[in-house]
Amino acid sequence: MCGIIGYTGKKKLAKENIITGLKNLEYRGYDSAGIALSENGEINLYKSSGKISNLENYIKDKNISSSTGIGHTRWATHGEPNQINAHPHKCGNVTIVHNGIIENYIDIRKKLENEKITLQSGTDTEVACAYINYIYEKEENNSDRKLKSIIKACSDFRGSYAFGIIFSDEPEVIYTTRKDSPLIIGVGKNENFIASDISAILDFTKEYILLEAGEFAKISCNSINVYDSNLKPISKNISTATWTASEYKKNGYDHFMLKEINEQPQVISNIFKKYLDNIELCSIEFEKYNKIHIVACGSAMHAGLVGKYLLENYANIPVTVEVASEYRYKNQLLSKDTLVIIISQSGETADTLAALRIAKEKGAKTLAIVNAVGSSIAREADETIYTYAGPEIAVATTKGYTTQVAVLSSICLNIMKNKNIISDDKKIYEELKNIKKILKNIIENSEVYKNVAKKIYKCDNLFYIGRGIDYALCMEGSLKLKEISYMHSEAYAAGELKHGTISLIENGTPVIAIATNKELYEKTVSNIKETKARGAFSILISPYTNNTSDFADISVELPDLSEFVNPISTVCVLQLIAYETAKLRGCDIDKPKNLAKSVTVE
Ligand code: F6R
């Protein structure tokens, strides 16, 4: 969470370039934003609460020509999301932007207060800033003084951080370091950058250096020097980004979410094409493992639930799925026979990364399914399968999730092939070949989803029910709706509703029932009828929509597909219902309140 960017360059465009970069990073948090600029030898701070546009309006008429600066967009962790707590923070000679959490900031704050140093804000970042300045003031005055004080201060910090730091007495230079929060250094011509991710700088350069944990860099407009904690220089490779700046634009769509929903036919078909062309997904011999743990957060965990269903039902491998924040704090009984699959769109989710490290420490083989190329999870896992979905900007994931499901389906089909497990191959392969068209047709059916949205958007409460794989899809549909429309919704295994929750059904409560499995269809229909008898307004989403008028108030017809494709096509419908509903409620669809795209804190 939080996005940071820094710029130093001969063109004196620090203000403009940092604002551009912050806009591209806004998905990482939008509680407040701020910028520190070097102007005539002084470091000046400009901050505002709320979105980047507030900051932009605040400084747009100020006549600033600056060569160097650092900027920040905040997702509040410590301290309210107001102007005082907005970054950058400045203490003495040091100005700082920070992504992460300094967990022992209260102890450090006490130490500073004992030294009669007073702080203005409630943030851990101001404590970090004051502490670096405190050490700097004590440090012997030589050419390494600044790096040494950063290194010493960091050795006392517990938690996660990526810092951008400017010293007032060297205002054209940016210092940076990171631990457990991402940071790259952008390499330009007579200008260089730091950023939380590549999206921030793609308008200026595609070349970047990945800073590893525990590395410290000193950056000016024409030099980048990286050191270890003993100040030994480190030679770094320059990488070239594969994503382009235009992939970060809405390109005519009203929202990034809608654009990304519409990109699914292409990106999903790319994944299955690879599979059909028999390109190895990775070198892991899946058949060797007799147990799989899938670990992830949020929607990625929901993708894992679809994977569990497929792998257990079709490939006969026992699978557990767990949220990473729970997984990491339990005694995991891992052996060499266990494969741990870590799923993450961003590849930076703190809990998921920690779970990966635990699994590795315990000797398990780890496979990451990741979208962001070069991200921490992708780099640290034993093997990585990329989903190649392209940048996902909307906070609510769409193509991130469905590409994860497509990879899991492909893994399952691979295992089945290797184990000679017979299934309805011809039908499945036909669907995989036609997936682009299938998904396009579904997505284009927008009037149907608008109609559902019109019927539900004024309600406070609703339920998604389904059985088997449909239950996993209900969880994703429900999460999508609640996060962008702010309506309360719950996903329930259809047979479980009557064990308590059915008491919440009132006259008109919408119940969205997903029934894609023919064998379970009648059971789910009985459960819909139970809710209907108690006044529910029922919406059936199913390939089987003939003669449903006595129990379904609305029926949304799906194509009749195999379970390797069905989850993807059904979720497209659920994404669009959520999107249309949030639109009718006037919500900020791409940036729902209180959320951030990349959750780099526990
Ligand atoms: C919901 C959503 C989140 C993410 C979760 C994991 O729409 O986007 O639930 O799925 O925060 O993020 P990644 O996949 O980046 O690890």
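Preceding this section is the structure that the text describes.
Residues numbered from 1 in each chain as written. Predicted model: local features only at pLDDT ≥ 70, side-chain atom pairs only at ≥ 80, totals over all residues. Heavy atoms only, no water.

## Quick word on the side chain of threonine 338
Step number 1: Within the element layout of this structure, threonine 338 appears in strand S18 (residues 338–344).
Step number 2: For threonine 338, a relative accessible area of 0% puts it in the buried group.
Step number 3: Residues in contact with threonine 338, not counting those within four places in the same chain, are Tyr289, Lys291, His293, Ala364 and Lys365. (Helix = DSSP H or I, 4+ residues; strand = E, 2+ residues; numbered from the N terminus. Buried < 20%, exposed > 50% of the residue type's maximum accessible area, 1.4 Å probe, protein only. Contact = heavy atoms within 4.5 Å.)

## Digging into the site of the ligand
Step number 1: Close contacts around the ligand come from 14 residues, with Ser344, Gln345, Ser346, Thr349 and Glu483 the closest.
Step number 2: One nitrogen or oxygen atom from the main chain of valine 395 is found 3.4 Å from an oxygen atom belonging to the ligand.
Step number 3: Measuring from an oxygen atom of the ligand, one finds a side-chain N or O atom of glutamate 483 at 2.4 Å.
Step number 4: Coverage of the ligand by the protein chains reaches 89% of its 400 Å² of free accessible surface. (Near = heavy atom within 4 Å. Polar contact = N/O pair within 3.5 Å; in protein donor to acceptor, adjacent residues only side chain to side chain. Areas by Shrake-Rupley, 256 points an atom, 1.4 Å probe, with all protein chains shown as cover.)

## Let's talk about helix H3 (residues 105–114)
Step number 1: Those residues of H3 that sit buried are Tyr105, Ile108, Arg109 and Leu112. Buried positions in H3, seen along its axis, are confined to an arc of 105 degrees and lie on one side of it.
Step number 2: Elements that come into contact with the buried residues of H3 comprise strand S6 (94–102), helix H4 (124–138) and helix H5 (145–156).
Step number 3: A positive backbone phi angle near 65 degrees is found at lysine 116, which sits one or two residues after H3. (Arc of directions from axis to C-beta.)

## Some details on the packing of aromatic side chains
Step number 1: Taken as a whole and judged by the stated rule, the model has 14 aromatic pairs.
Step number 2: Judged by centre distance (5.6 Å) and plane angle (50 degrees), the ring pair of tyrosine 386 and tyrosine 388 falls under tilted.
Step number 3: One aromatic cluster is present, formed by Tyr131, Tyr134, Phe157, Tyr161 and Phe163 through successive ring pairs.
Step number 4: One cation-aromatic arrangement involves arginine 145 over tyrosine 136; the distance from NZ or CZ to the ring centre is 3.9 Å. (Phe/Tyr/Trp six-rings, centres within 6.5 Å; stacked < 30°, edge-to-face > 60°. Lys NZ or Arg CZ within 6 Å of the ring centre and 35° of its normal.)

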